[in-house]
Amino acid sequence: MHKLFITFLLIVLSFSFHDLHSQTQESKDTSSSEFKPNIKPVLNLPKLNADKIKIDGALNESVWQDASLIGNFTEINPGDNVKPEVNTEVRVFYDDEYLYFGFICYENKMSELRASLSDRDRMYSDDWVGPFIDTYSDFNQGFEMYVNPMGIQGDLLWTPNNEDANYDMIYDSESKIYSDKWTAEFRIPFKSLRFPDRNEQEWRIHILRNRPRGARQEIYWASVSRDDPNFMGQSGFLKGIKNIKKGSNIELLPYVLGTQNSYLQDQFDPSSEFKNDNITGALGLSAKYSLSSTLTLGATFNPDFSQVEADAPQINANSPFALFYPEKRPFFLEGINDFATPINVAYTRSINNPVFAAKLTGKVKNVHIGFLSAYDDNTPFIVPLTERSFFLASDKTSVSNILRLSYDFGGQNFIGGIFSDREENSENYKNFGFNGFNRNFGIDGYFNFASNYYLTFQLLGNATKEINDTSFYYYPLKNYRFDNDKYTALYDGESYSGNNVYLSFNRNARDWNFYTEYFFQAPTVRRDNGFITRNNFHSYFMQQEYKFYPTGNIVQKITPQVNFQLRYDTDGQQTLQFLELNPMIDFSNGIKIFGGYLPINEELYGGIRHANVNRWHLSMEANNISKILTGGFYYEWGRYIVRFANPSFVGYGHNLDLWATFKPFDQLRNDLNYSYSELSASKNGEKIYAGYVLSDKISFQFTKNFFFRLLIQYDLFARVLNLDPLVSYKWNPFTILFIGSSHDINDLQDNRGNSAYSETDRLLFLKFQYLWSL
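Predicted model only: the values in this text are computed from it and were never measured.

(A) Molecular detail of the overall build of the protein chain. In terms of regular secondary structure, the protein chain is built from 2 helices and 45 strands. Taken against the 2.2 N^0.38 rule, which gives 28 Å for 774 residues, the C-alpha radius of gyration of the protein chain at 27 Å falls within 12% of a compact globule. On the principal axes, the C-alpha backbone points of the protein chain span a range of 75 × 60 × 55 Å. Looking at the 774 residues of the protein chain, the share that counts as buried comes to 52%. Here the analysis covers contacts within the protein chain between residues at least 6 apart in sequence; of these, 61% occur between residues at least 24 apart. Carbon and sulfur atoms make up 54% of the accessible area of the protein chain, which amounts to about 34,100 Å² in all. Across the protein chain, the centroid of the 73 positively charged side chains sits 2 Å from that of the 90 negatively charged ones.

(B) Highlighting the packing of aromatic side chains. Going through the model one piece at a time under the given rule, you end up with 57 aromatic pairs. Ring geometry for Phe143 and Tyr167: centres 6.2 Å apart, planes at 50°, overall tilted. Of this pair, Phe143 sits in strand S7 (residues 142–147) while Tyr167 sits in the loop between strand S9 (162–164) and strand S10 (172–177); the two residues are 24 residues apart in sequence, bridging distant segments of the chain. Relative accessible area serves as the criterion here: at 3%, Phe143 is assigned to the buried category. Judged by relative accessible area, which is 10%, Tyr167 ranks as buried. Plain terms: the ring middles of Phe449 and Phe505 are 6.0 Å apart, the flat faces sit at 10° to each other, and that makes the pair stacked. Separated by 56 residues along the polypeptide, Phe449 in strand S25 (residues 436–449) and Phe505 in strand S29 (residues 495–507) bring together distant segments of the chain. The exposure class of Phe449 is partly exposed, given its relative accessible area of 38%. Put simply, the rings of Phe665, Phe700, Phe702, Phe706, Tyr729, Trp731, Phe768, Tyr770 and Trp772 pair up and form one aromatic cluster. Directly above the aromatic system of Phe237 lies the positively charged group of Arg204, at a separation of 4.0 Å from the ring centroid. A cation sits over an aromatic face here: Arg510 above Tyr549, 4.1 Å from the ring centre.

(C) Quick look at the environment of Lys54. In this fold, Lys54 is placed in the loop between strand S1 (42–44) and strand S2 (68–70). As a C-alpha pair, Lys54 and Arg187 span 133 residues in sequence and 9.7 Å in three-dimensional space. Ignoring any residue separated from it by four or fewer positions in sequence, one finds Lys54 in contact with Glu61 and Glu185.

(D) Focus on the pattern of salt bridges. Applying the stated criterion across every chain, the model contains 42 salt bridges. For Asp172, the salt bridge identified is with Arg187, shortest N-O distance 3.2 Å. Here Asp172, found in strand S10, pairs with Arg187, found in strand S11 (residues 181–189); they are 15 residues apart in sequence, far enough to count as distant. Judged by relative accessible area, Asp172 falls into the partly exposed class, the value being 32%. One salt bridge in this structure joins Asp180 and Lys181, with 3.5 Å as the shortest N-O distance. One connected set of salt bridges, linked through shared partners, spans Glu85, Glu107, Glu112, Asp127, Arg209, Arg211 and Arg213.

(E) Examining unusual backbone geometry more closely. For the bond running from Asn77 to Pro78, omega is 0°, close enough to zero to count as cis. Summarising the element assignment, Pro78 is placed in the loop between strand S3 (74–77) and strand S4 (88–94). Here Leu59, not a glycine, exhibits a phi torsion of approximately 55°, which is positive. Along the chain, the position of Leu59 falls in the loop between S1 and S2. On the basis of relative accessible area, Leu59 is assigned to the buried category, the value being 15%. Its identity is not glycine, yet Phe139 carries a phi of approximately 65°, on the positive side. As for its position among the elements, Phe139 is in the loop between strand S6 (128–134) and S7.

(F) Broad picture of the nonpolar core. Grouped together as the largest cluster of nonpolar side chains are 38 residues, with contacts concentrated most on Leu99, Phe101, Phe186, Trp203 and Ile207. Only S4, strand S5 (98–106), S6, S7, S11, strand S12 (200–213) and strand S14 (236–242) provide two or more residues apiece to this core. Those residues within four positions of Leu99 in sequence are excluded, and the remaining contacts are Leu45, Val92, Phe93, Tyr94, Ile133, Phe186, Arg187, Ile188, Phe190, Trp203, Leu238 and Ile241.

(G) A look at empty space enclosed by the protein. This structure, assessed with the given rule, holds 1 cavity of 30 Å³ or more. Here the largest cavity is characterised by a volume of approximately 70 Å³. Contributing to the lining of the largest cavity are Ser116, Leu117, Ser118, Asp119, Arg122, Lys663, Asp666, Gln667, Arg669, Ser699, Gln701 and Phe707. Considered class by class, the residues forming the lining of the largest cavity number 2 nonpolar, 5 polar and 5 charged.

(H) Structural view of the sheet that holds S2. In space, the 5 strands of this open sheet follow the order S2-S4-S5-S11-S10, with antiparallel pairing throughout. Both outer strands of the open sheet, S2 and S10, are each paired with one neighbouring strand and no more. Neighbouring strand axes in the sheet, compared pairwise and without regard to direction, differ in orientation by 15° on average. The pairing of S2 with S4 spans 3 bridges and is classified as antiparallel. Residue Ser68 lies in a different strand from S4, and its bridge partner there is Val92.

(I) Molecular detail of the confidence of the model for the protein chain. For the protein chain, mean pLDDT is 91; residues scoring 70 or higher make up 95% of the total. Segment residues 2–32: pLDDT under 50, and 50 contacts once partners within four positions in sequence are set aside and those in other chains are kept.

(J) Structural context of the side chain of Gln412. Following the sequence through the fold, Gln412 ends up in the loop between strand S23 (396–410) and strand S24 (413–428). Reaching out from Gln412, the side chain makes a polar contact with the side chain of Tyr454 at a distance of 3.3 Å. Sequence-distant contacts of Gln412, defined by excluding residues within four places in its chain, comprise Phe139, Pro160, Asn230, Tyr446, Asn448 and Tyr454.

(K) Representation of the pairing of strand S13 (residues 215–220) within the structure. The element S13 is largely enclosed, with a buried count of 5 among its 6 residues. Direction of pairing for S12 relative to S13: antiparallel, over a ladder of 6 bridges. Note that in S13 the partner of Arg209 across the bridge is Ile219.

(L) Structural detail: a nonpolar patch on the surface. On the surface, Ile250, Tyr289, Leu291, Leu297, Tyr770, Trp772 and Leu774 cluster together into a nonpolar patch covering about 650 Å² of accessible area. Along the polypeptide, Ile250 turns up in strand S15 (residues 250–264).

(M) Highlighting the environment of Val367. Structurally, Val367 can be placed in strand S20 (residues 367–377). Residue Val367 is classed as partly exposed on the basis of its relative accessible area of 28%. As a C-alpha pair, Val367 and Gly416 span 49 residues in sequence and 9.1 Å in three-dimensional space. For Val367, the contacting residues outside a window of four places in its chain are Gly362, Ser406 and Tyr407.

(N) Up close: the pairing of S5. Of all 9 residues making up S5, 7 are buried, and the element is well covered by its neighbours. Pairing geometry for S4 and S5, over 7 bridges, is antiparallel. What sits directly across from Val90, in S5, is Phe103. In textbook terms, the turn of a hairpin is the stretch between consecutive antiparallel strands, and for S4 and S5 this stretch comprises 3 residues.

About the thresholds
Along every chain, residues carry numbers that run from 1 in the direction the sequence is written. Only residues with pLDDT of at least 70 are given local features in this predicted model, and only at 80 or more are side-chain atom pairs given and counted; all residues enter the totals for whole chains, interfaces and linings. Note: side-chain values were computed over all heavy atoms of the structure, leaving out hydrogens and water. Put simply, DSSP H or I for four residues or longer makes a helix, DSSP E for two residues or longer makes a strand, and each gets a number counted from the N terminus. As a reference, a globule follows 2.2 Å times the number of residues to the power 0.38, and the radius of gyration itself is taken over C-alpha atoms. The buried label goes to any residue with under 20% of its type's maximum accessible area, the exposed label to any with over 50%, and the partly exposed label to all in between, with areas taken from a 1.4 Å probe on protein chains only. Whether two residues are in contact is decided by their heavy atoms: any pair within 4.5 Å suffices. A 1.4 Å probe and the Shrake-Rupley method give the accessible areas. Residues count as covered only by the protein chains that appear here. We treat Lys and Arg as the positive residues and Asp and Glu as the negative residues; His and chain ends play no part in the count. One atom stands in for each charge, and that atom is NZ of Lys, CZ of Arg, CG of Asp or CD of Glu. Two aromatic rings from Phe, Tyr or Trp, using only the six-membered ring of Trp, form a pair when their centres are within 6.5 Å; if the ring planes differ by under 30 degrees the pair is stacked, by over 60 it is edge-to-face, and anything between is tilted. Here, a charge over a ring is recorded when the distance from Lys NZ or Arg CZ to the ring centre is within 6 Å and its angle to the ring normal is within 35 degrees. By definition, a salt bridge exists where a carboxyl oxygen of Asp or Glu is found within 4 Å of a side-chain nitrogen of Lys or Arg. The definition of a nonpolar core used throughout is a set of buried Ala, Val, Leu, Ile, Met, Phe, Trp, Tyr and Cys residues joined through side-chain atoms within 4.5 Å. Cavity means a closed set of points on a 1 Å grid over the protein atoms alone, one where a 1.4 Å probe fits but cannot get out, pocket means an open set with protein on both sides within 12 Å along at least 5 of 7 lines, and lining means a residue has an atom within 4 Å of a point. Grid points are joined across faces, edges and corners, and a volume is the space filled by probe spheres set on the points. Ten residue types, Ala, Val, Leu, Ile, Met, Phe, Trp, Tyr, Cys and Pro, are classed as nonpolar, four, Asp, Glu, Lys and Arg, as charged, and the remainder, Gly among them, as polar. Pairing between strands is defined by DSSP: at least two bridges between the two strands are required. What counts as an axis is a line fitted to C-alpha atoms, over the stretch in contact for a helix, and the angles between N-to-C directions run from 0 to 180 degrees. The pLDDT value expresses, per residue, how confident the predictor is, ranging between 0 and 100. Side-chain atoms alone can form a polar contact between residues adjacent in sequence; in general such a contact is a pair of N or O atoms within 3.5 Å, and within protein one must be able to donate a hydrogen while the other accepts it. The patches described consist of residues with a relative accessible area above 30% and no salt bridge, like charges being joined within 9 Å and nonpolar side chains (Val, Leu, Ile, Met, Phe, Trp, Tyr) within 5 Å.

Here you go:
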């Protein structure tokens, strides 16, 4: 493990410091007092006839000469609102149906241009350009549309605390590379955007260029102050768009699917028969109906997610908590931020195998609306306790309803409410009827004042009536009770209620930043539509940091940071205290190095108070160092509580995470993630366990539309290998042909005790989905 870590570090550093030397030699003085960046500039658009325009990236039609022209772009990072080392020009106009952008990106070294032929949304390590539009001018949501020099698109849905890379929209774009520049054209349908229903639009807009040259150069039309956390509030104005209409009211996305399942008849005997089921077919449908230009109703029946990547393996050998897996399914990803609150009330992975789901998202005047309803087979359950949580898979059914409303006061201030209900059936999916429920209801708010200060709160209550099925449990649950032994951890029909309180206050500025948080969770809290790892605590957390910006060409920023936390149970007993020191250094070539030490770390676990659980960590990110190789690592070592032992004790361990992206040429990409963990009874003592998990995704892009992907995942702890090859052809983000398979290969022993890897499960599938706009 140590040899692997050192080898990886040397490879990354060799690329990094070669680039740092080059950048230092080519450093420029862009801090000239003569340069005056644009501050909230205004762009008035002409309406032009674009009948003869061809979106090919060339910008050679005469209509572009009549478009509005903008320039004087600003480098906001790593430079602080300084003149970029290259020029950028953009021409913009509109017609009845589309918004047009034409970019001219001048270059001083075309050999350093980063452009890869990749799948959609996987071009963000390249050069790219595009508009970033807030159509409501309320700073709460922005549509981001980008393209790289090879014509590969990427789009995002921005909210103040997140950028959703899984959001997809339809627009036309193309690029062209010349000897001294590259150009890009956009044609964005108004029907792909949500906007106010009024005669004349006034939108906020950032127009930007990404230029990775060691450090990621962020070049914007409108300047962005590091001392103003309101990012969209510093954007420019887009005016002059009149009498445009929303798009078609109905979109249908049907699919047809053929599958064949195969499996080892005895999952523990490699010599047993490998059976092939008959080929089966399935049909499904997703639909969208635009109730207005700001409100959309969506639904899906019998959805299929065969093409979705398998979850990356995680190490939980010494973790007593349920594992969190991110949402990857397209129907649930779209608009997922409409349901986000400080406390996790809506975790859509809790809807495991939906038969039907419906969703309403958007806004009416100042009210943002999110509603989700789903009927689910094979519903999972999480049982949270004070020091651990249990995840239970099931064949039970449920109906989930989640309603989220928030009122926007403007200026990033809102107050909202959320209601979540899951009706649960103690029988399997063959029996319809519900005899259990979990309901959550609360209010929350977010307020910005004095420019740099934010106050966030959420109050949440819940009520639970358990299903009555005492045969449904994971064996250790029989030994647990909660709320001072009032209730069992089994599903035996008990009823109880609880509440949560969340309050945070933080400062976000150029230099001094802090974050403080109070979080209370009663011992009887359940959030069956959300995600929860533990309950029965009062938690107090504080983070303080100060950013220094040295002059010179090597170090861009130094940030010393201090974290402190106290946690008590609801009886007032202290269960955790820690102090963490974290220095961070950002280098001018894009490398970031983080260090850390826990001089104080004391925790009450399993009835034993463990003191001096001290450890160190070191990490590095090098995401723009080279066209060929990027990556980073996180390494932590020191003392850990051995939580699965009885009684628990403090051992000594190492944890290492490595990640890298290798692109030897434009069409091939290899994304590697490796995690290693070992734990010993003491430093240099007997090893309790050691192992790793590996995820390797290899992609080859034949054309912009046609690609092959092979996902290889291996878990040494479980001794399981997963192989998921996939071929895909995309006409657009929604009309797609998939051909793929999934293979589970397990380490099994035969009747002689010999161990060998054997395929235990296989799925072959062919799927076609087509988007109809009516």
